[in-house]
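Structural description and commentary
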Amino acid sequence: MSSLRTNLALAGRGIKNYVTKRPFCVSFEITYSCNAKCKHCHLGGPVDEERAAPEKYAEIARELNPVVAQISGGEPMLRRDLTDIIRMIKNPNGTPYIVLTTNAALLSTEKYYELKEAGVDGFSISLDFPDERHDDFRGVPGLYNKIQSLMEDIREEKNKGIALSGVVNSQNFRDLVPMAQRALEWGVYMNYSTYTWLRTDKMEYMISKTDMPAFKEVIANLLAFKKRHKNIYTSDYTFKNMIAFFENQEVPNCRAGEKFLVVNPDGSLSPCGLIIKKYSSQKEIKKEFLETNTCTACFTSIRANSEKPVKYLILDSIRSV
Ligand SMILES: C[S@@+](CC[C@H](N)C(=O)[O-])C[C@H]1O[C@@H](n2cnc3c(N)ncnc32)[C@H](O)[C@@H]1O
């Protein structure tokens, strides 16, 4: 399979889904169990849940036909059948683009290559601080060093397909440039998402009015870093709305359920990872949820990337060439 053919298939799918109002991204949250206890998240520890078989996720992927399939959770690497799930979701023409979102606590070098071979196109590895403060924030001792040693092991790999993903909040916003610097040193990309209080109700992780001038300066520095080193995925559109979110505590016109949606561990559907429901089809979500959705309380990466206007889709792809 040539990557040109895959890229054309993905672009075709993107245009078709845009016109037919089908999702750009579907997040398969294959377990709500997690091996971390993150300060910004309500998940953590084991969850007694019904889990669908890999064949069921593959069937849903074919039905929804997203451009991007995110495999997430909880911690998706806790599923022993993860490799099968990825193999079954991947089509022979290379679609969809599969991103594994993980805290990397279980990501050995061997597992990294196994998952890549199975069909993972991108690894989104969570990183909230550019040093051992990450371990404390995630409740996983030694996690930062574990990630660092994986990066050293695969240093020579040309096509790493890795982005570090940091959730911007009041505790780490002064470290956003050092995080991008760390990604540069490790030869990988950096992506930023925006904190939401919807998981934990903790308002103290929102950036305060007093800190906004300092935060805006950090974003200006990040934009300069992005231009210079080209290793930051985050769109200028996302940075602009991230500032608006912290300033106004809202970004209106959420398109959850249309541009993106979530598959729960048991194979039922939710409009997003923060509003868990048990819908049986996207049609049902459109009927029961979309018309009445007034939620404005997040601007996470999945929302930002799925709702990005065409102008930015074009600008971002030109910049990435
Ligand atoms: C729920 S985790 C699941 C995947 C995996 N366990 C991980 O940590 O990457 C998916 C992403 O959500 C982010 N996240 C958790 N709580 C959040 C919050 N309150 N606001 C925004 N993003 C959050 C995590 O940092 C992670 O990047």
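For the structure itself, look to the data block above.
**Some thoughts on helix α1 (residues 3-20)**
A turn of α-helix holds 3.6 residues, and therefore any two residues three or four places apart point the same way. Taking 1.5 Å of rise per residue, the 18 residues of α1 would be expected to cover 26 Å, and the 25 Å separating its terminal C-alpha atoms lies within 8% of that figure. Along α1, the residues that are buried comprise Thr6, Leu10, Arg13 and Asn17. For α1, the angular spread of the buried residues around the axis is 65°, confining them to a single face. Residues of α1 that are exposed and angled more than 90 degrees away from the buried face: Leu4, Arg5, Leu8, Ile15, Lys16 and Val19. Packed against the buried residues of α1 are α2 (54-64) and β3 (97-102).

**Observations regarding the site of the ligand**
Of all residues adjacent to the ligand, which total 17 residues, the nearest are His40, Gly74, Ser126, Arg138 and Thr196. A distance of 3.5 Å is found between an oxygen atom of the ligand and a backbone nitrogen or oxygen belonging to threonine 102. Out of a free accessible area of 550 Å², the ligand has 91% covered by protein chains. Class assignment for the residues of the shell around the ligand results in three nonpolar, 11 polar and three charged.

**Concerning the nonpolar core**
Ranked by size, the top nonpolar core spans 93 residues in total, and within it Phe28, Ile125, Tyr192 and Phe215 carry the most contacts. Excluding its chain neighbours within four sequence positions, the residues that come into contact with phenylalanine 215 are Val168, Phe173, Leu176, Ile207, Met242, Ile243 and Phe246.

**Quick word on the side chain of serine 235**
Structurally, serine 235 can be placed in the loop between α8 (212-229) and α9 (236-248). Among residues more than four places away in sequence, those in contact with serine 235 are Lys226, Lys308, Tyr312 and Asp316.

**Some details on a nonpolar patch on the surface**
Taken together, Ile15, Tyr18, Val19, Val310, Leu313 and Ile314 make up a surface patch of nonpolar side chains, about 560 Å² in accessible area. Those elements giving two or more residues to the nonpolar patch turn out to be α1 and α12 (310-320).

**Describing the packing of helix α7 (residues 176-186) against α8**
Packing of α7 against α8 brings their axes to within 9 Å, and their N-to-C directions diverge by 20°. With respect to α8, the axis of α7 lies roughly parallel. Between α7 and α8, the contacting residues are Leu176, Val177, Ala180, Gln181 and Leu184 on the first element and Phe215, Val218, Asn221, Leu222, Phe225 and His229 on the second. Class assignment of the residues belonging to the contact of α7 with α8 gives a composition of eight nonpolar, three polar and no charged.

**A word on the state of the cysteines**
The final tally for this structure, using the stated rule, is zero disulfides. Unpaired in this structure, cysteine 34 has its nearest cysteine sulfur neighbour in cysteine 38, at a distance of 5.9 Å. Residue classification places cysteine 34 among the buried positions, given a relative accessible area of 15%.

The rules behind these values
- Residue indices begin from 1 for each chain and proceed along its sequence in written order.
- Residues qualify for local features only when their pLDDT is at least 70, as the model is predicted, and side-chain atom pairs are given and counted only at 80 or more; totals for whole chains, interfaces and linings, by contrast, use all residues.
- Side-chain measures here rest on the full set of heavy atoms in the structure, leaving out hydrogens and waters.
- We count a stretch as a helix when DSSP gives it H or I for four or more residues in a row; a strand needs E for two or more, and each element gets its number in order from the N terminus.
- Expected helix span is given by 1.5 Å per residue-to-residue step, counting one fewer step than there are residues.
- Remark: exposure states derive from per-residue accessible area (1.4 Å probe, protein chains only) relative to the maximum for the residue type, with buried under 20%, exposed over 50%, and partly exposed in between.
- It is the directions from the helix axis to the C-beta atoms that the arc portrays.
- What makes two residues a contact is simply this: any of their non-hydrogen atoms within 4.5 Å.
- Any residue with at least one heavy atom within 4 Å of a molecule or strand is counted as near it.
- Counted as a polar contact is a pair of N or O atoms within 3.5 Å, where, for protein atoms, one must be capable of donating a hydrogen and the other of accepting one, and residues adjacent in sequence contribute only when both atoms are in side chains.
- Using a 1.4 Å probe, accessible areas were evaluated by the Shrake-Rupley method; residue-level cover was limited to the displayed protein chains.
- For this scheme, ten residues count as nonpolar: Ala, Val, Leu, Ile, Met, Phe, Trp, Tyr, Cys and Pro. Four count as charged, namely Asp, Glu, Lys and Arg, and the remainder, Gly too, count as polar.
- Take the buried Ala, Val, Leu, Ile, Met, Phe, Trp, Tyr and Cys residues and link them wherever side-chain atoms come within 4.5 Å; each set so joined is a nonpolar core.
- Patches draw on residues past 30% relative accessible area with no salt bridge. Two like charges within 9 Å are joined, as are two nonpolar side chains (Val, Leu, Ile, Met, Phe, Trp, Tyr) within 5 Å.
- Put simply, a salt bridge is a Lys or Arg side-chain nitrogen that is within 4 Å of an Asp or Glu carboxyl oxygen.
- Axes here mean lines fitted to C-alpha atoms, for a helix over just the part in contact, with angles spanning 0 to 180 degrees between N-to-C directions.
- Working definition: roughly parallel below 35 degrees, roughly antiparallel above 145 degrees, roughly perpendicular at 65 to 115 degrees, and oblique for all remaining angles.
- For the purposes of this analysis, a disulfide is any pair of cysteine sulfur atoms at a distance within 2.5 Å.

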